[in-house]
Amino acid sequence: MASLESDKVDAILERKLGCEVDRKTRDHNYFYVKENEVFLSKTKISKGPKHTLDNTLVMLMARQLQLGVAGNLVKLVNCNLNKDECLAIIRASSGAKPAAGAAQVAPAAKPGASQPYSKPRSPQKK
Amino acid sequence: MVSTETNIGRIANYRPRPSFSLPFVVSGANVSEGSFTSVASSGWSFQQAETPAWSTFDFYVGSPVSGTWIVEQLNDLDSIWYLTDLDSQNYRLGEVLTVAVEKSGDQFIASEPRRGWFGYGDSEDRAIGNFASGLVEELEGLSAREGQLSQHLREELAQLRSVVIPRR
């Protein structure tokens, strides 16, 4: 089970991943992953005192960040995944073109990442 | 009418309430007393959802179909909310949102998994409140950066704009 402390995730996203942080909103702090003046993905952390982000929240945040699975966000926070590796996963997941000289990492941890979203149709009973 | 969807089964809502994980996109579902479609995550091949509180639950998927039913432990709390208002002076909802609330650790999480929207807090009410305010905040945050968004975020902004409507 993955769980992370909100203050640590906040610091890592801003300092290590280099996110643009928006702290002006009322209820959340927003973290925008930016590369070459393009915002690739984002996530948020609720304002307020430090709290524990349990497995489900870590998973939802990892998906928002386009990092695939919760384990990748845990690895980022625990320094087992560096910024370039994260950006490569995010780029591949979000369909962004790599920056010149950027690392190429296949997003193996996120099956179906390249599948386009298709709007659910009205169910038909057989 | 020909449908490409396939009904792959029906489960009864016996106790403990089963949840299911499907390695394909759920395109829709019928329950015995109405339609329940907001159960599938977007853009993911591996979907998770929980059965609603009705007696039976039919589910439909596109082909090819393969998968395994997984019966999981009952959550500490799970409930379905139908969100009709954002409690915002500037925005209203363009559709009723089906929001699942579950307890995870110390937090309550409100989520609309089909579109990946979520909010959380230390109570069920606060989770729903943060879910609603998050929609407005994210709409405004993405709109402010609209000229610099990746394709993924442009699609997310379009989804938000279709649901979070400015009040006239």
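These remarks concern the structure in this document. (Residues numbered from 1 in each chain as written. Chains lettered and ligands numbered in written order. Predicted model: local features only at pLDDT ≥ 70, side-chain atom pairs only at ≥ 80, totals over all residues.)

## Observations concerning the overall build of chain B
Within chain B, the regular secondary structure consists of 2 helices and 12 strands. Walking chain B from its N terminus toward its C terminus, one meets helices and strands in the order β-β-β-β-β-β-β-β-β-β-β-α-α-β. The proportion of buried residues among the 168 residues of chain B is 40%. For chain B, the proportion of contacts with a sequence separation of at least 24, taken over those separated by at least 6, is 54%. (Helix = DSSP H or I, 4+ residues; strand = E, 2+ residues; numbered from the N terminus. Buried ≥ 20, exposed ≤ 12 C-beta atoms within 10 Å, placed from the backbone. Contact = placed C-beta atoms within 7 Å.)

## Structural notes on the overall build of chain A
Counting its regular elements, chain A contains 4 helices and 5 strands. Buried positions account for 40% of the 126 residues belonging to chain A. The contacts of chain A with a sequence gap of at least 6 include a subset with a gap of at least 24, amounting to 42%.

## Notes on the nonpolar core
Membership of the largest hydrophobic core comes to 55 residues, with the highest contact counts inside it found for Leu73 of chain A together with Ala110 of chain B. A total of 7 residues in this core trace back to one element, the largest contributor, which is helix H1 (residues 124-144) of chain B. With residues near it in sequence (within four places) discarded, Leu73 of chain A still touches Val58, Met61, Ala62, Leu65 and Leu67 of chain A. (Core = buried A, V, L, I, M, F, W, Y, C linked by C-beta atoms within 7 Å.)

## Some thoughts on unusual backbone geometry
Positive phi, normally seen in glycine, also occurs at Glu37 of chain A, with a value near 65 degrees. Here Glu37 of chain A lies in the loop between strand S3 (28-35) and strand S4 (38-46). Even without being a glycine, Asp87 of chain B presents a positive backbone phi close to 55 degrees. Mapping Asp87 of chain B onto the fold places it in the loop between strand S7 (78-83) and strand S8 (91-93). Classification of Asp87 of chain B as exposed rests on a count of 12 C-beta atoms within 10 Å.

## As for the environment of Arg26 of chain A
Residues and elements named next belong to chain A. Structurally, the position occupied by Arg26 is in the loop between strand S2 (20-22) and S3. Judged by the 9 C-beta atoms lying within 10 Å of it, Arg26 falls in the exposed class. Along the primary structure Arg26 and Ser46 are separated by 20 residues, whereas in three dimensions their C-alpha atoms are 9.4 Å apart.

## Description of the pairing of strand S11 (residues 117-121) of chain B
All names here are of chain B. Counted residue by residue, S11 has 5 buried out of 5 residues, so it is predominantly covered. Burial of S11 is two-sided: the residues Trp117, Gly119 and Gly121 facing one way and the residues Phe118 and Tyr120 facing the other way are all buried. As paired elements, strand S10 (residues 107-112) and S11 share 5 bridges and run antiparallel to each other. Looking across to S11, one finds that Glu112 is bridged to Trp117. Between S10 and S11, which pair antiparallel in sequence order, lie 4 residues; one of them, Gly116, sits at a positive phi of approximately 75 degrees. (Pairing = 2+ DSSP bridges.)

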